[in-house]
Amino acid sequence: MGAAMRRIHVGNALSAFGLGFTVPYLYVYVAQVRELGAMTAGLVLAVFAVAALIVLPFAGRAIVRRGPLPVLSAALVTAALGALGLGLASTAATVLLSAAVLGAGQAVMQPALATMIVDCSPSETRSRAFAMQFFLQNLGLGVGGLIGGHLVDTTSPSSFTLLFAIEAAMFLLLVVVMATVRMPRAPRVEDAPGQASGGSWKQLLGNRAMVQLCVLGFVLFFACYGQFESGLSAYGVEAAGISTSALGTALAANTLMIVIAQFAVLKFVERRKRSRVIASVGLIWAVAWAVAGYAGLGHGSQTMATAAFISTYALFGLGEALLSPTLAPLVADLAPSGMAGQYNSAFALVKQLALAIGPAVGGPLAASLHGPYIVAFLLFSLVITVLAVRLGRQLTDVQNQPSLARSRVVTQGGAPADTVATAEA
């Protein structure tokens, strides 16, 4: 890795570490510590999603025009202000306002950091770069949550104020780290004639492969990430009789699987077609939902049900480890020159939309209709496999399997690498 990439990865770890301090305890903080009730706490989580949906369409354009580094710095300062505001807020209005500011800042970080990774990595090493990003994000969240859990005291609001202050400090420290990054010059929208402001989204929507990838991404995030802390946990408690401690163990098993498997699966991913890797994730998650069905609907002992439920989260972690070096590099390879920020923001927007709808649909269904819930999401997993196979037909050979490329240029405007290399010569 070059110096710029090392600093970007440090930034990923710091931002995840800061988020890990507060995310697991946000509901308890708002509902119990500040005594604002479950309704306000639920609204805070909704505000995060709404803020992301509002800012992401503009973030992509800003990244394309200004570059990812200035946009990331602005997002970090915004997030730091939101974190400090949450730590000091005592009324519902100030809590919701601070949550909106923090959510907006967090939402923009993701596509900005992803675009920086794209700009600093050739296509041959891009899968490993994104795998490292995902690994550090999970490690940072886990370590931050572990330390934060030992600092919080539900009887002392000041302990939570300290947590949010640490989170803000991590964001501001990241601003300093990013200020030392020397980014290679990447094409901007002004450098590409004919790419007017209103035409970038039209161009993106005209890319059939990207549109299919966004549809596939929505189902992926809806059927997995959108169920972790809502539908699946509600199903575990209501149908399988899982204790809160066992639920925590299941979440830990998910993170542990990612940390262990992330680099072990890299060679497998790099030698396979991306569409087939994603299709295999759908099959793995279908097995995970079947195991979850056994945990809640089977007639085994409570010990077996708990073991099956923990295994479900571990299987989801294996699928996530396969996706991290696959999805983000594919988005970058589908983007025309200078438009990576726009495409990263569009994909992040799809992710946020799925994460907003997923809990709203999965939570009530899992709590009341256990069987239909499992069957529905098992079928969603199989749909992932079908969509991945269809996506493969829209990709060039090099887009689908970058190891075939002889040139560092993977894709520009949808043309195969060999064509682009010949044209440039």
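Preceding this section is the structure that the text describes.
Residues numbered from 1 in each chain as written. Predicted model: local features only at pLDDT ≥ 70, side-chain atom pairs only at ≥ 80, totals over all residues. Heavy atoms only, no water.

S.K.: How would you summarise the overall build of the protein if you had to cite specific residues and measurements?
M.R.: Scanning the protein from terminus to terminus reveals 20 helices and 0 strands. What you see for the protein is a C-alpha radius of gyration of 21 Å, in line with the 22 Å of a compact globule of 425 residues. Judged by the C-alpha coordinates and their principal axes, the protein covers about 65 × 50 × 35 Å. For the protein, buried positions account for 52% of its 425 residues. Sequence-distant contacts in the protein: of pairs separated by 6 or more residues, those separated by 24 or more amount to 84%. Mean positive and mean negative side-chain charge positions of the protein (24 and 15 charges, respectively) differ by 8 Å. (Helix = DSSP H or I, 4+ residues; strand = E, 2+ residues; numbered from the N terminus. Rg over C-alpha atoms; globule rule 2.2 N^0.38 Å. Buried < 20%, exposed > 50% of the residue type's maximum accessible area, 1.4 Å probe, protein only. Contact = heavy atoms within 4.5 Å. Lys, Arg positive; Asp, Glu negative; His and termini not counted. Charge placed at Lys NZ, Arg CZ, Asp CG, Glu CD.)

S.K.: Just give me the short version of the packing of helix H16 (residues 327–334) against helix H17 (residues 340–368), but keep the residues and values in it.
M.R.: The contact between H16 and H17 brings their axes to 8 Å, and the two run at 135 degrees. Between H16 and H17, the angle is such that the two are oblique. The chirality of how H16 crosses H17 is right-handed. Contacts from Leu327, Val331 and Leu334 in H16 reach Tyr343, Asn344 and Phe347 in H17. (Axes fitted to C-alpha atoms, helices over the stretch in contact; angles between N-to-C directions. Parallel < 35°, antiparallel > 145°, perpendicular 65-115°, else oblique. Left-handed = near helix turned anticlockwise from the far one by under 90°.)

S.K.: Talk me through the packing of aromatic side chains; I want residue IDs and the actual numbers.
M.R.: A complete count under the given rule lists 16 aromatic pairs for this structure. Pairing Tyr29 with Phe164 gives two aromatic rings, centres 5.0 Å apart and planes at 55 degrees, and the pair type is tilted. In this pair, Tyr29 is assigned in helix H2 (residues 26–33) and Phe164 in helix H7 (residues 157–179), connecting sequence segments 135 residues apart. You can call Tyr29 buried: its relative accessible area is 0%. Taking the centre distance of 5.5 Å and the plane angle of 85 degrees together, the rings of Trp289 and Tyr373 count as edge-to-face. With Trp289 in helix H14 (residues 274–297) and Tyr373 in helix H18 (residues 370–392), this residue pair connects regions lying 84 residues apart in the sequence. Residue Tyr373 is classed as buried on the basis of its relative accessible area of 0%. (Phe/Tyr/Trp six-rings, centres within 6.5 Å; stacked < 30°, edge-to-face > 60°.)

S.K.: Which residues make up the nonpolar core, and what values do they have?
M.R.: Counting 62 residues, the largest nonpolar core has Met210, Leu213, Leu216, Leu232, Tyr235, Trp285 and Phe309 as the members making the most contacts within it. Mapped by element, the contributors of at least two residues to this core are helix H9 (208–223), helix H11 (231–238), helix H12 (244–261), H14, helix H15 (302–323), H16, H17 and H18. Discounting chain neighbours no more than four positions away, the residues touching Leu232 are Gln227, Trp289, Ala292, Phe309, Thr312, Tyr313, Phe316 and Tyr373. Listed in part, the 53 residues of the second largest apolar core include Val33, Ala99, Leu163 and Met178. (Core = buried A, V, L, I, M, F, W, Y, C linked by side-chain atoms within 4.5 Å.)

S.K.: Which residues make up the pattern of salt bridges, and what are the values?
M.R.: If you walk through the whole model with that rule in mind, you get 3 salt bridges. We note a salt bridge from Arg126 to Asp333, for which the minimum N-O separation is 3.0 Å. Separated by 207 residues along the polypeptide, Arg126 in helix H6 (residues 123–151) and Asp333 in helix H16 bring together distant segments of the chain. The exposure classification of Arg126 matches that of Asp333, with both residues buried. Note that Asp333 and Arg274 form a salt bridge whose closest N and O atoms lie 2.8 Å from each other. Of this pair, Asp333 sits in helix H16 while Arg274 sits in helix H14, and the two are 59 residues apart along the sequence. Across the pair, exposure class does not vary: Asp333 and Arg274 are buried alike. Residues participating in the shared-partner salt-bridge network are Arg126, Arg274 and Asp333. (Salt bridge = Lys/Arg side-chain N within 4 Å of Asp/Glu carboxyl O.)

S.K.: Describe the environment of Thr303, naming the residues involved and giving the relevant values.
M.R.: Looking at the secondary structure, you find Thr303 in helix H15. For Thr303 and Ile242, which are 61 residues apart along the polypeptide, the C-alpha to C-alpha distance reads 9.6 Å.

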